[in-house]
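Now for the letters of each chain:
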Amino acid sequence: MNKPVISVIAKFEVTQKRALNFDFSTEELRKFPTHEQYLYKLTTEKVILKLKPTSSTDIDGYISFMKEKLKKQFNAESVRFIGKVKV
């Protein structure tokens, strides 16, 4: 009897960091002098991966691989693995 094909659903949270540009007047810069100032906007998205692995697929290894792949793809500050479910 053949085993049913099991699907795995993995959820990731991807956080991206984008620089924000603000123009300050000369008066504002004199009032609050700084050497450097950086403002960032963080955006978080949830990404869902659904796959049907073969019997030889290392699911945990594949999830680690996908975390790195998502980090590069989204140019993300961080990628957090939320969890997985076998269906």
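Details of the structure are given in the entry above.
This one's a predicted model, so the numbers in the text were calculated from it and none came from an experiment.

(A) View of the overall build of the chain. Of the regular secondary structure elements, the chain holds 2 helices and 3 strands. Along its sequence from the N terminus, the chain presents helices and strands in the succession β-α-β-α-β. Dimensions of the chain, computed from the C-alpha atoms along their principal axes, are close to 80 × 15 × 15 Å. Among the 87 residues that make up the chain, the fraction classed as buried is 20%. Taking as baseline every contact in the chain between residues at least 6 positions apart, the subset at least 24 positions apart corresponds to 80%. When the accessible surface of the chain is split by element, carbon and sulfur atoms take 52% of a total near 7600 Å². Averaging the locations of the 17 positively and 10 negatively charged side chains of the chain gives two centres separated by 12 Å.

(B) Looking closely at the nonpolar core. Of all hydrophobic cores here, the largest spans 13 residues; its most connected members are Phe 12, Leu 49, Leu 70 and Val 79. Those elements that provide at least two residues to this core are strand S1 (8-20), strand S2 (39-51) and helix H2 (59-74). Aside from chain neighbours lying at most four places away, what touches Leu 49 is Val 8, Ile 9, Ala 10, Phe 12, Tyr 62 and Met 66.

(C) Summary view of the pairing of S1. Here 13 bridges tie S1 to S2, and the two strands are oriented antiparallel to one another. Residue pairing in the sheet places Val 14 in a bridge with Glu 45 of S2.

(D) Here's a closer look at the pattern of salt bridges. On inspection of all chains with the given rule, the structure shows 4 salt bridges. In this structure, Glu 77 engages Lys 17 in a salt bridge whose closest nitrogen and oxygen atoms are separated by 3.6 Å. With Glu 77 in the loop between H2 and strand S3 (78-86) and Lys 17 in strand S1, this pair connects stretches of sequence that are 60 residues apart. Here the salt bridges do not stand alone but share partners, grouping Glu 13, Lys 46 and Arg 80 into one network.

(E) Local environment of unusual backbone geometry. Although it is not a glycine, Asn 75 sits at a positive phi angle of roughly 50°. Assignment of secondary structure puts Asn 75 in the loop between H2 and S3.

Reading the values: the criteria
- Residues numbered from 1 in each chain as written.
- Predicted model: local features only at pLDDT ≥ 70, side-chain atom pairs only at ≥ 80, totals over all residues.
- Heavy atoms only, no water.
- Helix = DSSP H or I, 4+ residues; strand = E, 2+ residues; numbered from the N terminus.
- Buried < 20%, exposed > 50% of the residue type's maximum accessible area, 1.4 Å probe, protein only.
- Contact = heavy atoms within 4.5 Å.
- Areas by Shrake-Rupley, 256 points an atom, 1.4 Å probe, with all protein chains shown as cover.
- Lys, Arg positive; Asp, Glu negative; His and termini not counted.
- Charge placed at Lys NZ, Arg CZ, Asp CG, Glu CD.
- Core = buried A, V, L, I, M, F, W, Y, C linked by side-chain atoms within 4.5 Å.
- Pairing = 2+ DSSP bridges.
- Salt bridge = Lys/Arg side-chain N within 4 Å of Asp/Glu carboxyl O.

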